[in-house]
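Observations on the three-dimensional arrangement
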Amino acid sequence: MTGTFVNKNIVFVSKFSPEVLNPDFLKLRGIIDDSWRLDEPPISTPVFSILKFANGIVISIQNERLEVVEGKLPQNLGNSRLVEVATKIYKVFEASEFKNMGQNGAIVVSSDQISSNLVEKFLKSGPWNNKDRTPKTIQLQFKYDLDDNELNLTLGDGNARFIKDGIQVEIEGVIINGNYHLDIRDKSSEEIIQLIGNFENRMTSLQNVVDEFFREETN
């Protein structure tokens, strides 16, 4: 396996009101229980609201986007709460007119794992890349049409800081952001719930893509 996940999240696009996002509302609707503790004071305004919980789940609403983030990734996928929370949130807002859903993951490939940077691997020689003018770094974007969704990839050099198994980690290397864009306007509730449930399968597919991109470079 090449790289390490640093972030996973699910985004819904619909007509959400940021002011409804508060711990009492989430408890009343059965999305969280009394064991959930806030990591920071909540922020709630007419245009933006965010709740950060001690278990690493972050829920926010802004510009018709409701995002559920798992910021503290567990070592065992079976301990992940992301899909469970996203499913419960969808069921609460099921009557809303959902437009699309994004299933996203970020992976960092350590500089120790690869023998060349993005410039050396992807950029051929030319006026944009020669002995007199060599880019220090580049950013790459890829878009793929898949059977039931669209995969958008962004690659760039950088430092990734994240929490894994309760420990703060920092890795320098190539950061790959993957976005699976799903149009759910014409989907039934059962189909949407199934799509949410397939989240980890898509993250496995993203990991496989990264493995293929860097297979020849992996030491």
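First, a word on what this report is: a plain description of the structure on this page.

Turning to the overall build of the chain, a few remarks are in order. Per the secondary structure count, the chain includes five helices and 10 strands. Summarising its shape, the C-alpha atoms of the chain cover approximately 60 × 40 × 35 Å along the three principal directions. Scored against the burial criterion, the 219 residues of the chain give a buried share of 43%. Sequence-distant contacts in the chain: of pairs separated by 6 or more residues, those separated by 24 or more amount to 67%. Taken as a whole, the chain presents about 12,200 Å² of accessible surface, with 46% of it coming from carbon and sulfur. The averaged location of the 32 negative side-chain charges in the chain is 3 Å from the averaged location of its 24 positive side-chain charges.

Bridging between strand β8 (residues 139-145) and strand β9 (residues 150-164) involves seven bridges; their strand directions are antiparallel. Opposite Tyr144, over in β9, you have Leu151 as the bridge partner.

Between helix α2 (residues 82-92) and helix α4 (residues 189-197), whose axes approach to 9 Å, the crossing angle comes to 160°. As far as their axial angle goes, α4 and α2 are roughly antiparallel. Here α2 and α4 pass one another in a crossing that is right-handed. Here α2 contributes Val83, Ala86, Thr87, Tyr90 and Lys91 to the contact with α4, which in turn contributes Ser189, Ile192, Ile193, Ile196 and Gly197. Split into classes, the residues belonging to the contact of α2 with α4 amount to six nonpolar, three polar and one charged.

Applying the stated criterion across every chain yields a total of eight salt bridges. For Asp148, the salt bridge is made with Arg202, and the minimal N-O distance between the two is 3.3 Å. Within this pair, whereas Asp148 is found in the loop between β8 and β9, its partner Arg202 is found in helix α5 (residues 199-214), the two being separated by 54 residues in sequence. Judged by its relative accessible area of 42%, Asp148 falls in the partly exposed class. Here Arg185 ties to Asp183 by a salt bridge, and the two come within 2.5 Å at their closest N and O atoms. Classification of Arg185 as exposed rests on a relative accessible area of 57%.

Before going further, it helps to spend a moment on the packing of aromatic side chains. Within this structure, the stated rule accounts for nine aromatic pairs. With a centroid separation of 6.1 Å and 40° between ring planes, the pair formed by Phe25 and Phe93 is classed as tilted. Of this pair, Phe25 sits in helix α1 (residues 23-28) while Phe93 sits in the loop between α2 and β7 (100-110), and the two are 68 residues apart along the sequence. A relative accessible area of 17% places Phe25 in the buried class. Taken together, Phe12, Phe16, Phe25, Tyr90, Phe93 and Phe98 form an aromatic cluster joined through their ring pairs. Cation over ring: Lys8 sits above Phe5, and NZ or CZ is 4.6 Å from the ring centre.

Rules behind the numbers
Residues numbered from 1 in each chain as written. Predicted model: local features only at pLDDT ≥ 70, side-chain atom pairs only at ≥ 80, totals over all residues. Heavy atoms only, no water. Helix = DSSP H or I, 4+ residues; strand = E, 2+ residues; numbered from the N terminus. Buried < 20%, exposed > 50% of the residue type's maximum accessible area, 1.4 Å probe, protein only. Contact = heavy atoms within 4.5 Å. Areas by Shrake-Rupley, 256 points an atom, 1.4 Å probe, with all protein chains shown as cover. Lys, Arg positive; Asp, Glu negative; His and termini not counted. Charge placed at Lys NZ, Arg CZ, Asp CG, Glu CD. Pairing = 2+ DSSP bridges. Axes fitted to C-alpha atoms, helices over the stretch in contact; angles between N-to-C directions. Parallel < 35°, antiparallel > 145°, perpendicular 65-115°, else oblique. Left-handed = near helix turned anticlockwise from the far one by under 90°. Nonpolar A, V, L, I, M, F, W, Y, C, P; charged D, E, K, R; others polar. Salt bridge = Lys/Arg side-chain N within 4 Å of Asp/Glu carboxyl O. Phe/Tyr/Trp six-rings, centres within 6.5 Å; stacked < 30°, edge-to-face > 60°. Lys NZ or Arg CZ within 6 Å of the ring centre and 35° of its normal.

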